[in-house]
Amino acid sequence: DAMVIQNPRYQVTQFGKPVTLSCSQTLNHNVMYWYQQKSSQAPKLLFHYYDKDFNNEADTPDNFQSRRPNTSFCFLDIRSPGLGDAAMYLCATSRGTRVNEQFFGPGTRLTVL
Amino acid sequence: GNSVTQMEGPVTLSEEAFLTINCTYTATGYPSLFWYVQYPGEGLQLLLKATKADDKGSNKGFEATYRKETTSFHLEKGSVQVSDSAVYFCALGSVYAGGTSYGKLTFGQGTILTVHP
């Protein structure tokens, strides 16, 4: 089945130690998104790629970076994780059509010790 | 700017009860509207959608109608099951305005639903 895959599902890192989360998709969608979600709150958009074009949200901290080497893969890099960065990180994709329905992966739960 | 307001939770119901979760929105133009469901420890799954006024989205016994006159998209189900226990998010899709606004979703704050046997 076509889907959005996130690895790992659970990630533990130490305060200040860089960490990378990965997302892949078999939907061949143009747009890929990264969200941060804390405690059943609404997901907060960090950034998105439309093809190779990177779009950062104005309030996304510089500590968060992203890479999209090809259509299928997108990475979230947290350069120096703080305790406040512990959260669920969700990857999503969309075709980039007017309906803008997004398809979500299962998420990666990040713990910062 | 766009905004979505959902009814305050949590909501606790007995099995087979009727469910309504209210959702109202503020937006320019004619946005698409969505309900997403999130089960514990999982990502969001699209439950249903509507792309224009008076459209009714439906799936798994859930329904919602796009009401432009009241700017609402309330979620309903006639008879809930224990397996419906989850967090429900109402979301609005930005009308394409070029540039970076394309495809972005604005979420409501989420409503936690717990259904008891």
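This text goes with the structure placed above it.
Since the model is a prediction, treat every value here as computed from it, not as a measurement.

**Student:** Now, about the overall build of chain B: what can you tell me, with residues and values included?
**Tutor:** A tally of regular secondary structure across chain B gives zero helices and twelve strands. Along chain B, helices (α) and strands (β) appear in the sequence β-β-β-β-β-β-β-β-β-β-β-β when read from the amino end. Taken over the C-alpha trace, chain B has a radius of gyration of 14 Å; the compact-globule value for 117 residues is 13 Å, and the two agree within 12%. With respect to the principal axes defined by its C-alpha atoms, chain B has extents near 50 × 30 × 25 Å. When each of the 117 residues of chain B is scored for burial, the buried share is 44%. Put simply, 58% of the contacts in chain B that link residues at least 6 apart link residues at least 24 apart. Taken as a whole, chain B presents about 5,400 Å² of accessible surface, with 50% of it coming from carbon and sulfur.

**Student:** Mind laying out the sheet that holds strand β3 (residues 19-21) of chain B, listing which residues take part and the relevant values?
**Tutor:** Residues and elements named next belong to chain B. Within the open sheet, the four strands sit side by side as β3-β9-β8-β7. Their pairing is antiparallel. Whereas interior strands pair on both sides, the edge strands pair on one side only; in this sheet they are β3 and β7 (56-59). Each strand axis lies, on average, 15° off the axis of its neighbour in the sheet, ignoring direction. Inspection of the sheet shows β7 paired to strand β8 (residues 62-65) by four bridges, in the antiparallel sense. By the bridge assignment, Lys-56 is partnered in β8 with Thr-65.

**Student:** Pulling in residues and values, what's your account of the pairing of strand β2 (residues 11-14) of chain B?
**Tutor:** All names here are of chain B. Every second residue of β2 is oriented toward a common face, the buried set being Val-11 and Leu-13 and the non-buried set Thr-12 and Ser-14. Sheet analysis places β2 next to strand β12 (residues 111-116), joined by four bridges and oriented parallel. In the strand pairing of β12, Leu-13 is matched with Val-115.

**Student:** How would you explain the interface of chain B and chain A if you had to name every residue and give the values?
**Tutor:** With 24 residues of chain B at the interface, the matching set in chain A holds 25 residues. Taken together, the two surfaces of chain B and chain A that pack against each other cover about 2,000 Å², and 52% of this comes from carbon and sulfur. Across the chain B-chain A interface, the total number found is three salt bridges. Residues Glu101(A) and Lys49(B) are paired through a salt bridge, measuring 2.6 Å at the closest nitrogen-oxygen approach. One can count six residue pairs in polar contact (both at pLDDT 80 or more) joining chain B with chain A. Elements supplying a minimum of two residues to the side of chain B that touches chain A: β5 (32-38), β6 (44-50), β10 (86-93) and β11 (105-107) of chain B. Ranked by the residues each element gives to the side of chain B that touches chain A, the list is headed by β5(B), at four residues. In terms of residue class, the side of chain B that touches chain A is made up of ten nonpolar, eleven polar and three charged.

Rules behind the numbers
Residues numbered from 1 in each chain as written. Chains lettered and ligands numbered in written order. Predicted model: local features only at pLDDT ≥ 70, side-chain atom pairs only at ≥ 80, totals over all residues. Heavy atoms only, no water. Helix = DSSP H or I, 4+ residues; strand = E, 2+ residues; numbered from the N terminus. Rg over C-alpha atoms; globule rule 2.2 N^0.38 Å. Buried < 20%, exposed > 50% of the residue type's maximum accessible area, 1.4 Å probe, protein only. Contact = heavy atoms within 4.5 Å. Areas by Shrake-Rupley, 256 points an atom, 1.4 Å probe, with all protein chains shown as cover. Pairing = 2+ DSSP bridges. Axes fitted to C-alpha atoms, helices over the stretch in contact; angles between N-to-C directions. Buried area = accessible area lost by both parts, 1.4 Å probe. Salt bridge = Lys/Arg side-chain N within 4 Å of Asp/Glu carboxyl O. Polar contact = N/O pair within 3.5 Å; in protein donor to acceptor, adjacent residues only side chain to side chain. Nonpolar A, V, L, I, M, F, W, Y, C, P; charged D, E, K, R; others polar.

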